[in-house]
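Structural characterization, general
Each chain, letter by letter, is given below.
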Amino acid sequence: MKKSSYYEILNVTRSATKDEIRKAYMELSKKYKSSKDEESLNRIKEIRKAYEVLSVEDKRIAYDSYLDNDKYLFNLSKDKTKNIIIMILILIIIFGGSYVSSELSYYKKNCSLENVDDVSETVNTKFNNIGIEEYLSLLKGEALSLVYIGRQDCSFSQAEDVVFEELLEEYDMDINYLSLDNLDTNGIEALYSSYESFIEDGIATPTIMLVQNNEIKMFKRGYTSKDNLIDLLKENGYIA
C-alpha cells in the first residue's frame, strides 16, 4: 500500500503556501482532537509529523526533492539516530556543508519531540513539578513565572537540570518544571496550541520560558549555559 505524502495527510497541494498549510493543520487538529479512539490519535500524530516538515522551508525543500524521486526518507520516526543520519545525507546532497553544519548545531542543543505513547509520571523533586493545566494557569497569571520544559531521557535536559539546580543554590527563584514524559496526547496538543512557535517549529527540550498575562515574555529553546541563563533571567526581570 502506497504511503500518503505529507501533502495528502494535510489535504493541501504541493503549491500550498505556508499560511494554507498552517490553516489546514489547525483545522485537522481541531477535527480529530475531540476524539479519543486510537485511529484519531494516530491521525493526529500523522498530521503533526506532516506539519513539522512542511512548515519549515528547508525541510520542505528537502522533502519535495525526494518526493520527485518517489522516496520518503524524510520522516520523523522514533529511531532518532537513524533519521538524523538520513537527514544529514540528504542535506549534504542538496545544500552542501554550510547548511549541514547549522543542522548539526541544532541537534547538539535539542531533543526533538517524538510520539508520546505512555505517560510515565516522572518528577524532579528539586523543582515545582507541574502539569499542562498548571502550565496554562501560569501562562494566564499576573505574576511573571518561569517554565522549564524537559524530558527525562533527553541528555540536553539532563545537562540543563544541573544548571537549574546550581541556580537554586544561588538565587531565590521558582522553577516550574513541565515534563513532556508526563503529558498524554491531549496534553501535548494543548502545549502545541499555547504558543505559535510550538506550532511553527515544533517542541524540543530543553525549553525555557517566562510567561505572564497570556504572553511569552522570554523563550529560549535548546541547552543554555549557566552564565547565559543568568543573563537572560536578569534581562527579563526574573532575578536581580
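Residues numbered from 1 in each chain as written. Predicted model: local features only at pLDDT ≥ 70, side-chain atom pairs only at ≥ 80, totals over all residues. Heavy atoms only, no water.

Should their charged atoms come close, side chains of opposite charge can pair. Summed over the entire model, instances satisfying the criterion amount to nine salt bridges. With a closest N to O distance of 3.7 Å, Glu-46 and Arg-43 form a salt bridge. Remark: Arg-43 and Glu-46 occur in helix H3 (residues 38-54); sequence separation between them is three residues, near one turn of the helix. Taking the relative accessible area as the measure of exposure, Glu-46 reaches 38% and is therefore partly exposed. With relative accessibility at 18%, the residue Arg-43 sits in the buried group. What you see here is one network of salt bridges that share partners, running through Arg-151, Asp-153 and Asp-181. (Salt bridge = Lys/Arg side-chain N within 4 Å of Asp/Glu carboxyl O. Helix = DSSP H or I, 4+ residues; strand = E, 2+ residues; numbered from the N terminus. Buried < 20%, exposed > 50% of the residue type's maximum accessible area, 1.4 Å probe, protein only.)

Within the secondary structure, Ser-112 is located in strand S1 (residues 111-112). Residue Ser-112 is classed as partly exposed on the basis of its relative accessible area, which comes to 23%. A sequence separation of 93 residues divides Ser-112 from Thr-205, and the C-alpha atoms of the two residues are 6.6 Å apart.

All right, on to the sheet that holds strand S3 (residues 145-150) then. Across the sheet, which stays open at both edges, the five strands sit in the order S2-S4-S3-S6-S7 with mixed pairing between neighbours. Pairing within the sheet leaves two strands with one partner each, and these edge strands are strand S2 (128-130) and strand S7 (215-221). Going from strand to strand, the sheet's axes swing by 25 degrees on average, the running direction of each strand aside. By the bridge criterion, four bridges tie S3 to strand S4 (residues 176-179) in an arrangement that is parallel. Counted as the bridge partner of Gly-150 is Ser-179 from S4. (Pairing = 2+ DSSP bridges. Axes fitted to C-alpha atoms, helices over the stretch in contact; angles between N-to-C directions.)

Before going further, it helps to spend a moment on the side chain of Glu-160. Relative to the elements of secondary structure, Glu-160 occurs in helix H8 (residues 155-170). Salt bridges are absent for the buried Glu-160, whose nearest opposite-charge side chain, Lys-220, sits at 6.6 Å. With sequence-adjacent residues up to four places away left out, Glu-160 is seen in contact with Tyr-148, Pro-206, Ile-208, Gly-222, Tyr-223, Thr-224 and Leu-229. (Lys, Arg positive; Asp, Glu negative; His and termini not counted. Contact = heavy atoms within 4.5 Å.)

Let's shift gears to the side chain of Asn-176. Within the secondary structure, Asn-176 is located in strand S4. With relative accessibility at 9%, the residue Asn-176 sits in the buried group. One polar contact links the side chain of Asn-176 to the main-chain carbonyl oxygen of Leu-146, over a distance of 2.9 Å. (Polar contact = N/O pair within 3.5 Å; in protein donor to acceptor, adjacent residues only side chain to side chain.)

What follows is about the packing of aromatic side chains. In the structure shown here, the tally under the stated rule is nine aromatic pairs. Residues Phe-127 and Phe-164 carry aromatic rings whose centres are separated by 6.2 Å and whose planes lie at 75 degrees to one another, so their mutual orientation is edge-to-face. Of this pair, Phe-127 sits in the loop between S1 and S2 while Phe-164 sits in helix H8, placing them 37 residues apart in sequence. Phe-164 shares its class with Phe-127; the two are buried. Relative to Phe-219, the ring of Tyr-195 has its centre 5.0 Å away and its plane inclined at 55 degrees; by these criteria the two rings are tilted. Residue Tyr-195 is found in the loop between helix H9 (185-193) and helix H10 (196-201), and its partner Phe-219 is found in strand S7; the two are separated by 24 residues along the sequence. Classification of Tyr-195 by relative accessible area gives partly exposed; the value is 23%. In this structure Phe-219 comes out as partly exposed when scored by relative accessible area, which is 25%. Counting every residue linked through ring pairs, the aromatic cluster contains Phe-127, Tyr-148, Phe-164 and Tyr-177. (Phe/Tyr/Trp six-rings, centres within 6.5 Å; stacked < 30°, edge-to-face > 60°.)

Since the α-helix packs 3.6 residues into each turn, any two residues three or four apart lie on the same face. With 17 residues, H3 should reach 24 Å at 1.5 Å per residue; the first-to-last C-alpha distance of 25 Å fits that figure. If you check which residues of H3 are buried, you get Ser-40, Arg-43, Ile-44, Lys-45, Ile-47, Arg-48, Ala-50, Tyr-51, Glu-52, Val-53 and Leu-54. (Expected span 1.5 Å × (residues − 1).)

What follows deals with the pairing of S7. Pairing geometry for strand S6 (residues 207-212) and S7, over six bridges, is antiparallel. Within S7, the position partnered with Ile-208 by the bridge is Lys-220.

What follows concerns the packing of H8 against helix H11 (residues 226-235). Running from N to C, H8 and H11 cross one another at 60 degrees; their axes reach a closest spacing of 10 Å. Of the possible angle classes, the one that applies to H8 and H11 is oblique. The hand of the H8/H11 crossing is right-handed. Contact residues: H8 offers Glu-160, Val-163, Phe-164, Glu-166, Leu-167 and Glu-170, while H11 offers Lys-226, Leu-229, Ile-230 and Leu-233. When the residues that make up the contact of H8 with H11 are grouped by side-chain class, the tally is six nonpolar, no polar and four charged. (Parallel < 35°, antiparallel > 145°, perpendicular 65-115°, else oblique. Left-handed = near helix turned anticlockwise from the far one by under 90°. Nonpolar A, V, L, I, M, F, W, Y, C, P; charged D, E, K, R; others polar.)

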